[in-house]
There are 2 protein chains.
Amino acid sequence: MALSREKILDTAFSVLNQYGLADLSMRRLATELNVAPGSLYYHIRNKQELLASLASRMLSAVHCTGDTEAISLYNGTQELYTQIISIPEGAEVIRLALALHPEDLPFLCKLAELFAHQRDDISGMVAAKSLIHLCLSLIEEEQTTAVLEARETMLTPPSSYQTSIQALIHGWLSTECS
Amino acid sequence: MALSREKILDTAFSVLNQYGLADLSMRRLATELNVAPGSLYYHIRNKQELLASLASRMLSAVHCTGDTEAISLYNGTQELYTQIISIPEGAEVIRLALALHPEDLPFLCKLAELFAHQRDDISGMVAAKSLIHLCLSLIEEEQTTAVLEARETMLTPPSSYQTSIQALIHGWLSTECS
DNA sequence: ACCTGAACACCGTTCAAGT
DNA sequence: ACCTGAACACCGTTCAAGT
């Protein structure tokens, strides 16, 4: 069967899941696909683009809904945690995409909308970015400390995650801080 | 003159400042020091340890003082920005050290103290980590977008940095969120 | 259009052997 | 004690040449 962008992304995702980001090299990917390293470059521009596409995939399954804006924001961060925590270095990969093309991430735009809808005197995008950055940092920390302590990651958000996120959302939505 | 840990760190810092993290390789460092690559390993365990030491150096110049706890926290984040923003990939380097040995960073412990002193019903360390993570993410974003847009970094914190940090500090210190 | 082979210019780390 | 030389096992990317 012929090589394709989709096949490359599928394999990349499986290598990331099974062996981690350190093992996700173009050459390793080519070996896994029984193909010469150069072949990959007919379908993708470079490694950075591949990782950005991988990040979009990961985030496509994360939604944020709830009865109120504040609850939707909170639920979004909870879903983000549960979706990403079990993917090795998943938070790091998403941070790459976030730096390169933030506007291409529907999840981020949804967060920005929720913030802007609740308070029109702040920039929804600035608030949304601060929130996703905080989430990713905390997820990354849980992932790396789990590796260091040679234990499994917590599949459900620890209380430190929840309180930190709540502090930030509360800080953005409370009227006194304007 | 003989090689030494100090000399290696000095050179590493200068390479990072002049050429960025991508050029800060052990081999490049060895060339710069007119020494064989293997020699470095007599003075430092590995590249990770070198980067962690570099991070400690960067943070050693950052203090947080002010009339109140809230102002000290705020001033600390401002100083963090101004000290790190002009070091290419500086935020990324510090994040490495933060993941490996957080308790070795006096700056972080100071932040934790300030939070704990103000509110004894929260974990100062959890709050401090959320704050430093947010700062580093925002600094990193400013650094990478500056590169992407081929412009200089803002030497003084942009308003988006300040409002985000203020939202988080306010969220942690306000009594309603407990 | 799609893929290979081979090259280019690199990595981090180890370790016997030298001084 | 400190350093070299050389090796080991890798990288990302390009590109003429093949089918």
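Report follows, based on the coordinates. (Residues numbered from 1 in each chain as written. Chains lettered and ligands numbered in written order. Predicted model: local features only at pLDDT ≥ 70, side-chain atom pairs only at ≥ 80, totals over all residues. Heavy atoms only, no water.)

## Remarks on the overall build of chain A
Per the secondary structure count, chain A includes 8 helices and 0 strands. Its helices and strands taken in sequence order, chain A reads α-α-α-α-α-α-α-α from the N to the C terminus. Projecting the C-alpha coordinates of chain A onto the three principal axes gives extents of approximately 60 × 35 × 25 Å. Within the span of chain A, comprising 178 residues, buried residues form 49% of the whole. Taking contacts inside chain A between residues at least 6 apart in sequence as the whole, the part at least 24 apart equals 68%. Carbon together with sulfur atoms contributes 53% to the accessible area of chain A, which is approximately 8400 Å² in total. Taken as two groups, the 12 positive and 21 negative side-chain charges of chain A have centres that lie 10 Å from each other. (Helix = DSSP H or I, 4+ residues; strand = E, 2+ residues; numbered from the N terminus. Buried < 20%, exposed > 50% of the residue type's maximum accessible area, 1.4 Å probe, protein only. Contact = heavy atoms within 4.5 Å. Areas by Shrake-Rupley, 256 points an atom, 1.4 Å probe, with all protein chains shown as cover. Lys, Arg positive; Asp, Glu negative; His and termini not counted. Charge placed at Lys NZ, Arg CZ, Asp CG, Glu CD.)

## Brief notes about the interface of chain B and chain A
Each side of the interface is counted separately: chain B has 25 residues, and chain A has 25 residues. Both sides of the chain B and chain A interface together cover about 2100 Å² of buried area, and 65% of this is carbon and sulfur. On the chain B side of the interface with chain A, the three residues burying the most area are His133, Glu141 and His170 of chain B, jointly 21% of the side's total. In this structure, the connection of chain B to chain A is made through 2 salt bridges. For Lys129 of chain B, the salt bridge is made with Glu141 of chain A, and the minimal N-O distance between the two is 3.1 Å. Linking chain B with chain A are 5 residue pairs in polar contact (both at pLDDT 80 or more), by the criterion used here. Those elements that place two or more of their residues in the side of chain B that touches chain A are α6 (90-100), α8 (124-148) and α9 (159-173) of chain B. (Buried area = accessible area lost by both parts, 1.4 Å probe. Salt bridge = Lys/Arg side-chain N within 4 Å of Asp/Glu carboxyl O. Polar contact = N/O pair within 3.5 Å; in protein donor to acceptor, adjacent residues only side chain to side chain.)

## Things to note about the packing of aromatic side chains
This model, assessed by the stated rule, comprises 4 aromatic pairs over all chains. In this structure, Arg28 of chain A is placed above the aromatic ring of Tyr19 of chain A, and the distance from its NZ or CZ to the ring centre is 4.4 Å. (Phe/Tyr/Trp six-rings, centres within 6.5 Å; stacked < 30°, edge-to-face > 60°. Lys NZ or Arg CZ within 6 Å of the ring centre and 35° of its normal.)

## What to know about unusual backbone geometry
Negative phi values dominate among residues other than glycine, just as trans dominates among peptide bonds. Residue and element names in this part refer to chain A. The phi torsion at Asn34 lies on the positive side, around 55°, for a residue other than glycine. In this fold, Asn34 is placed in the loop between α2 (26-32) and α3 (47-60). Since its relative accessible area comes to 73%, Asn34 is described here as exposed.

## Regarding the protein's contact with DNA strand C
Taken together, 16 residues sit near DNA strand C, with Ala36, Ser39 and His43 of chain A together with Arg27 and Tyr41 of chain B positioned nearest. Note that a phosphate oxygen of DNA strand C is positioned 2.8 Å from one of the backbone N or O atoms of Met26 of chain B. Residues that form the surface near DNA strand C fall into these classes: 7 nonpolar, 6 polar and 3 charged. (Near = heavy atom within 4 Å. Nonpolar A, V, L, I, M, F, W, Y, C, P; charged D, E, K, R; others polar.)

## Some words on the packing of helix α5 (residues 90-100) of chain A against α8 of chain B
Working note: a packed helix pair is described by the angle between its axes plus the distance between those axes. Where α5 of chain A meets α8 of chain B, the closest approach of the two axes is 9 Å, and the angle between their N-to-C directions is 50°. Viewed along their axes, α5 of chain A and α8 of chain B adopt a mutual orientation that is oblique. As α5 of chain A runs across α8 of chain B, the sense of the crossing is right-handed. In contact with Arg95, Ala99 and Leu100 of chain A of α5 of chain A, α8 of chain B contributes Ser137, Glu140, Thr144 and Leu148 of chain B. Split into classes, the residues belonging to the contact of α5 of chain A with α8 of chain B amount to 3 nonpolar, 2 polar and 2 charged. (Axes fitted to C-alpha atoms, helices over the stretch in contact; angles between N-to-C directions. Parallel < 35°, antiparallel > 145°, perpendicular 65-115°, else oblique. Left-handed = near helix turned anticlockwise from the far one by under 90°.)

## Quick word on the side chain of Gln78 of chain B
Residue and element names in this part refer to chain B. As for its position among the elements, Gln78 is in helix α5 (residues 69-84). Gln78 gets classed as buried once you look at its relative accessible area, which sits at 15%. Once you skip the residues sitting within four places of it in the chain, Gln78 turns out to touch Pro157, Tyr161 and Gln162.

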